[in-house]
Amino acid sequence: MQLAPIDDPFYIAFRGRFTSLLRWDELSAFWDTVRKNASAGWHVYAIGEAVPAQPSTAEQVNNFLDKIDALLRKEHQENYCGIVYTDSNSQPSMIKIYDPNNLGAQCGFSANPPLPGWVMSVTPPATLENNAHLPEGRRRWWRKLWD
């Protein structure tokens, strides 16, 4: 995994403190908070794809939230969520969403934790290179969102 330079604002925020949205009802309430601020200049970034050149529109953010929520609930077949992390539940500026099919050891401590599958950030993102292979199905899913 290669990260942006240490003094990059995105990198600093990315390595900051995050809390998990452990329960599905917490995630639903959190998505409502994000939807209320969908026009805040969110950059929606899929790790392994090109960094977005501009923020997403409110419509694009809401569409992404609909699709990612459906994907998480379908593919993370647990009675808890625990794979979405935010820097703030009430005023988020960065959200890390882990791919249910590539969880690795995102819980607890790891010297080399897996990258999330997706990041939403109001700070323009820097490239996060993941050495893991991004399945073609995920690439198609991502690209279809923006067609």
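In this report, we go over the structure that sits alongside the text.

### With respect to the pattern of salt bridges
For the coordinates displayed, the defined rule picks out five salt bridges. One salt bridge in this structure joins Arg-35 and Asp-66, with 2.6 Å as the shortest N-O distance. With a gap of 31 residues between them, Arg-35 in helix α2 (residues 24-36) and Asp-66 in helix α3 (residues 58-75) connect regions that are remote in the sequence. Since its relative accessible area comes to 43%, Asp-66 is described here as partly exposed. In this structure, Arg-73 engages Asp-69 in a salt bridge whose closest nitrogen and oxygen atoms are separated by 2.8 Å. Placement of both Arg-73 and Asp-69 in helix α3 is noted, with a separation of four residues, approximately one turn of the helix. The exposure class assigned to Arg-73 is partly exposed, which follows from its relative accessible area of 32%. Asp-69 sits in the buried class, given a relative accessible area of 16%.

About the criteria used
Residues numbered from 1 in each chain as written. Predicted model: local features only at pLDDT ≥ 70, side-chain atom pairs only at ≥ 80, totals over all residues. Heavy atoms only, no water. Salt bridge = Lys/Arg side-chain N within 4 Å of Asp/Glu carboxyl O. Helix = DSSP H or I, 4+ residues; strand = E, 2+ residues; numbered from the N terminus. Buried < 20%, exposed > 50% of the residue type's maximum accessible area, 1.4 Å probe, protein only.

Spatial relationships are all this shows, so hold off on functional conclusions.
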